[in-house]
Amino acid sequence: MFPRTVRALLRGRGRSALWLLPVGLFAVWGVWFLRASITVYEPSVQARLEVHREVYAVDAPVDGRLVKTRVELHRQVRAGEVLFELAHEQEARQLAEAEAQLRGLGPQLTAARAELEVEQGALVAQQERGAAGVEEAKARLVEAEALARRALEEKASAEQLHTRQLISESEWSRVRTELERAQASEQASRAALARVKMDGTMLATERRIRAAALRRDIAELEAAESVAQASVERLREELERRVVKAPADGILGETSPVRVGTQVRAGDRMATVVAGGDVRIVAQLSPATALGRVRAGQPARMKLEGFAWTEFGMVRATVVAVASEARDGLVRVELSVDEMPVGIPLEHGLPGTVDIAVEDSTPLRLVLRSLGRGLEAPARSRPLPPRSSGDLEMSRGGS
């Protein structure tokens, strides 16, 4: 299409229009030079992959005789896998006894609580029966008092008639006998009321005493159950301490040559588990390019030595931490691995080069920055003019 346009211009306007072509190209280049966005990368002096590793020491927790071991150098282990066992027959027997005692306390507590519930129900029923008996005795006392008052009134009337000799001696004797009988019945009813009250109080007190005794027994059983539960937990922990397991996934990096049947002491080092962790990139940059320009969150890319990036690609990463000062002339920068190319193994220590995207700039700014650096370099490297002998003498005299 472009050659056709040129030919059309030549045919239409002649050779004088050829100047438009370089002007157009210069305009396009000028727009690109002023407005294009270019990502500026700061390269590292050196960089490598690091695998964050945790080392766990596996020691004998208590004194004992080694009865089983699976501690083998460089063997891959999983978290919770049994590494070695110490003799625990005595602890196992004690645990079985404590568990049997704990199981026996449960039914006793259940029976005591049920008996206490029955006793409390019986106490309520007894109180209700006692209240009913008291009411019945009170009613009989009221009836006896009424009969006694009536007999007393009859005696008063009969006494007047007897004084006037209007009734016989036998009738007077009967009236007195009825009065005595009514008064005796009143006294009996009063005594019955007192007896009913006392019996109710005594029965209620007895049931309260039995309920209190049951509560005491329940408290003792609960205390015994708590002690037995604590003993079971303690013995289980003691038993578990004699079965030592791997604290994490990893490789046995160091092992002890102790054999089965050997007596070991608490604190003896049996093995170390080297657990693998997250992969990160550690880069070293010069202070001039890192301080003030490299910050957390900036994207980066890493080219690994031995793996051509045109074939395997580059490792995508992000800056997570930047040292605040240089050490040995370099600034430490840590990066997280966001994307690992397929075919590159995650091995500790793989070297490479990291390029960190620090900013987006235009070609004009980059050229001006390069010119500024170029002008500063000769000024810094320019030697000072030699001082004359007169100046030296003047400086000596002044001093």
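Quick summary incoming for the structure in this document.

Reading the values: rules and limits
- Residues numbered from 1 in each chain as written.
- Predicted model: local features only at pLDDT ≥ 70, side-chain atom pairs only at ≥ 80, totals over all residues.
- Heavy atoms only, no water.
- Helix = DSSP H or I, 4+ residues; strand = E, 2+ residues; numbered from the N terminus.
- Buried < 20%, exposed > 50% of the residue type's maximum accessible area, 1.4 Å probe, protein only.
- Contact = heavy atoms within 4.5 Å.
- Areas by Shrake-Rupley, 256 points an atom, 1.4 Å probe, with all protein chains shown as cover.
- Lys, Arg positive; Asp, Glu negative; His and termini not counted.
- Salt bridge = Lys/Arg side-chain N within 4 Å of Asp/Glu carboxyl O.
- Core = buried A, V, L, I, M, F, W, Y, C linked by side-chain atoms within 4.5 Å.
- Axes fitted to C-alpha atoms, helices over the stretch in contact; angles between N-to-C directions.
- Parallel < 35°, antiparallel > 145°, perpendicular 65-115°, else oblique.
- Nonpolar A, V, L, I, M, F, W, Y, C, P; charged D, E, K, R; others polar.
- Pairing = 2+ DSSP bridges.
- Phe/Tyr/Trp six-rings, centres within 6.5 Å; stacked < 30°, edge-to-face > 60°.
- Lys NZ or Arg CZ within 6 Å of the ring centre and 35° of its normal.
- Patch = residues over 30% accessible without salt bridge, like charges linked within 9 Å, V, L, I, M, F, W, Y side chains within 5 Å.

**Some thoughts on the overall build of the protein**
Next, step 1: Counting secondary structure elements, the protein contains 8 helices and 15 strands.
Next, step 2: Buried positions account for 28% of the 399 residues belonging to the protein.
Next, step 3: Long-range contacts, defined here as pairs at least 24 residues apart, represent 78% of the contacts in the protein between residues at least 6 apart.
Next, step 4: Total accessible area computed for the protein in this model is approximately 26400 Å², and 54% of it derives from carbon and sulfur atoms.

**So, the side chain of E85**
Next, step 1: Tracing the chain through its elements places E85 in strand β6 (residues 82–86).
Next, step 2: No salt bridge is formed by the buried E85; its nearest oppositely charged neighbour, K68, is found at 4.1 Å.
Next, step 3: Not counting residues up to four positions away in its chain, the partners in contact with E85 are R65, L66, V67, K68, R242 and V243.

**Brief notes about the nonpolar core**
Next, step 1: In terms of nonpolar packing, the biggest core is built from 23 residues, with I281, V294, M302, L304, L335, V354 and I356 touching the most fellow members.
Next, step 2: Counting only elements with at least two residues in this core, the list comes to β2 (46–51), β11 (279–285), β12 (299–304), β13 (315–322), β14 (331–339) and β15 (351–361).
Next, step 3: Residue contacts for I356: discarding those within four places in its chain leaves V40, Y41, E42, L285, V294, Q298, P299, A300, V319, V333 and L335.
Next, step 4: Formed by 16 residues, the second largest nonpolar core is a distinct cluster that contains A60, V77, F84 and V264.

**Here we look at the environment of F84**
Next, step 1: Its place among the elements puts F84 in strand β6.
Next, step 2: Take F84: its relative accessible area is 0%, and that puts it in the buried class.
Next, step 3: As a C-alpha pair, F84 and V243 span 159 residues in sequence and 6.3 Å in three-dimensional space.
Next, step 4: The contacts of F84, once residues within four sequence positions are left out, are V58, D59, A60, L66, K68, T69, V71, R242, V243, V244 and M270.

**Some points on the packing of helix α3 (residues 89–163) against helix α4 (residues 169–241)**
Next, step 1: For the pair α3 and α4, interaxial distance at closest approach is 6 Å and the crossing angle is 170 degrees. Relative to α4, the element α3 lies roughly antiparallel.
Next, step 2: Across the contact of α3 with α4, the residue classes break down as 37 nonpolar, 14 polar and 24 charged.

**Description of the sheet that holds strand β4 (residues 64–69)**
Next, step 1: Spatial strand order, β7-β6-β4-β9: 4 strands in an open sheet with antiparallel pairing. A single partner strand is all that each edge strand has here, and the edge strands are β7 (243–245) and β9 (263–264).
Next, step 2: Here β6 runs beside β7; their pairing, made up of 3 bridges, is antiparallel. Across the sheet, F84 pairs through a bridge with V244, a residue of β7.

**Considering the side chain of Q126**
Next, step 1: If you trace the backbone, Q126 turns up in helix α3.
Next, step 2: Looking at Q126, the relative accessible area reads 9%, which means it is buried.
Next, step 3: Not counting residues up to four positions away in its chain, the partners in contact with Q126 are G200, L203, A204 and R207.

**Some words on the packing of aromatic side chains**
Next, step 1: Scanning all chains against the criterion turns up 1 aromatic pair.
Next, step 2: The ring of Y41 has R301 lying over it, and the distance from NZ or CZ to the ring centre is 3.9 Å.

**Comments concerning the pattern of salt bridges**
Next, step 1: For the structure on display, the rule yields 21 salt bridges.
Next, step 2: A salt bridge links E119 to R210; the shortest N-O distance between them is 3.1 Å. In this pair, E119 sits in helix α3 while R210 sits in helix α4, placing the two residues 91 residues apart along the sequence.
Next, step 3: Residue classification places R210 among the partly exposed positions, given a relative accessible area of 38%.
Next, step 4: Ionic pairing is found between E334 and R280, a salt bridge with its closest N-O pair at 3.7 Å.

**Focus: a nonpolar patch on the surface**
Next, step 1: Among the surface-exposed residues, F26, W29 and W32 lie close enough to one another that they form a single nonpolar patch of about 390 Å² accessible area.
Next, step 2: Structurally, the position occupied by W32 is in helix α2 (residues 20–35).
Next, step 3: According to the relative accessible area criterion, W32 is partly exposed, its value standing at 44%.

**Quick word on the pairing of β13**
Next, step 1: Across 4 bridges, β12 lies against β13 in antiparallel orientation. Within β13, the residue paired with R301 across the bridge is R316.
Next, step 2: Summarising the sheet, β13 and β14 pair through 6 bridges and their orientation is antiparallel. The residue of β14 that forms the bridge with T318 is S336.

**Some points on the pairing of β2**
Next, step 1: By the bridge criterion, 6 bridges tie β2 to β11 in an arrangement that is antiparallel. Each bridged residue has a counterpart across the sheet, and for R48 the counterpart in β11 is V282.
Next, step 2: Both β2 and β15 contribute to a ladder of 2 bridges, which runs antiparallel. Of the residues in β15, the one forming a bridge with R48 is P351.

**Structural notes on the sheet that holds strand β10 (residues 269–275)**
Next, step 1: Here we have 4 strands laid out as an open sheet, ordered β3-β10-β8-β5, and antiparallel in their pairing. The strands lining the two open edges of the sheet, one partner per strand, are β3 (54–59) and β5 (76–77).
Next, step 2: Where β3 meets β10, 6 bridges bridge the pair, whose relative direction is antiparallel. In the sheet register, E54 faces β10, and the bridge partner there is A275.

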